[in-house]
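Chain residues, written in single-letter form:
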Amino acid sequence: MTFKLVVSDLDGTLLTPEHRVGDYSLRVLRTLRDRGVGLVLASGRHFLDVRAISEVLGGGTCTISSNGAAVYDGDGAAIEMEAIDADCLEFLTRDPAFDGVHTNLFRPNDWLVERPEPRLLEYHAESGFSYRVVSFRDLDEEPVVKVFFYGEHEHLLGLEDLVLARCSERVTTTFSLPVTLEVMAKGVSKGAALARECARRGLDLAESIAFGDGLNDVEMLRTAGLGVLMGNADPRLMAALPTHPVTGANGDEAVARHLAGLYPKHWFD
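Residues numbered from 1 in each chain as written. Predicted model: local features only at pLDDT ≥ 70, side-chain atom pairs only at ≥ 80, totals over all residues. Heavy atoms only, no water.

A. The environment of M81, seen in detail. In this fold, M81 is placed in strand β5 (residues 78-81). Through-space distance from the C-alpha of M81 to that of A185 is 9.9 Å; in sequence the pair is 104 residues apart. Excluding residues that lie within four positions of it along the chain, M81 makes contacts with A69, A70, Y72, P108 and V145. (Helix = DSSP H or I, 4+ residues; strand = E, 2+ residues; numbered from the N terminus. Contact = heavy atoms within 4.5 Å.)

See below:
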């Protein structure tokens, strides 16, 4: 099967442990794009953050951001945008139950927090993307596409139960990392966004290959024609998709090496 669309998560997948695109990956992905293979970057990151990574690849790359809540075409124009229900947002930003974790809001054009958390910025050293410190009580009407909570995993599991007990008919939850509980509008996922992107391109899902390492990738890996797990994937993802193929680790640029083995060798000479 010759795949016409390559879809990749970023952190723990396409990006190295230093959160950058490796030189070998750049060469392989640029070659595939020049040969007419479509490329989609699918991440829990904000669009402005992913766009900076896309530009390293040469630009023109479709972006599924905020776990599918916001999708942009290769020119940076918004295709889809799903906002969190206002009542649920009020609960997520005001309820005292969340006082013990670090709360983050993604809006179309910014990342908002109420207090700094420098450890989060380590993931964005390559792109330079950063948060803005504000009071959530002073927010305007601009939609919020994702809320994520940063904290200790066991505490976040309890908060996930609380969120679903209160808003299960209006929100979806996932974990991109054990320390980040992510909340989006109901039905939002990378997999749902991938299905619509294939339809827009006139492609069968069978013509797509996807790579991922976290629980927020499970729907995407199930949806793609071939979903490939990283060797460094979250054990819970491995358990959820026991029959899916497993490739190498992100530190070895395994996405690019896997792809180079699927297409004609002379493309990469």
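B. Examining the side chain of S176 more closely. Take S176: it is sitting in strand β10 (residues 171-177). Reaching out from S176, the side chain makes a polar contact with the side chain of T180 at a distance of 2.8 Å. A distance of 2.4 Å separates a polar atom in the side chain of S176 from a polar atom in the side chain of E182. Residues contacting S176, with those up to four places away along its chain left out, are E182, G214 and N216. (Polar contact = N/O pair within 3.5 Å; in protein donor to acceptor, adjacent residues only side chain to side chain.)

C. View of the sheet that holds strand β11 (residues 180-185). A sheet is described by the order of its strands in space; here six strands give the open sequence β8-β7-β6-β9-β11-β10, paired in mixed fashion. Across the chains shown, the open sheet's two edge strands, defined by having one partner strand only, are β8 (132-133) and β10. Most of the contacts of helix α6 (residues 153-167) go to β10, to which it runs at about 165 degrees, and overall it touches β9 (146-150), β10 and β11. (Pairing = 2+ DSSP bridges. Axes fitted to C-alpha atoms, helices over the stretch in contact; angles between N-to-C directions.)

D. Highlighting the sheet that holds β5. Spatially, seven strands are ordered β5-β4-β3-β2-β1-β12-β13 in an open sheet, and the strand pairing comes out mixed. Only two strands of the sheet have a single partner each, and these edge strands are β5 and β13 (226-229). With direction set aside, neighbouring strand axes in the sheet form an average angle of 15 degrees.

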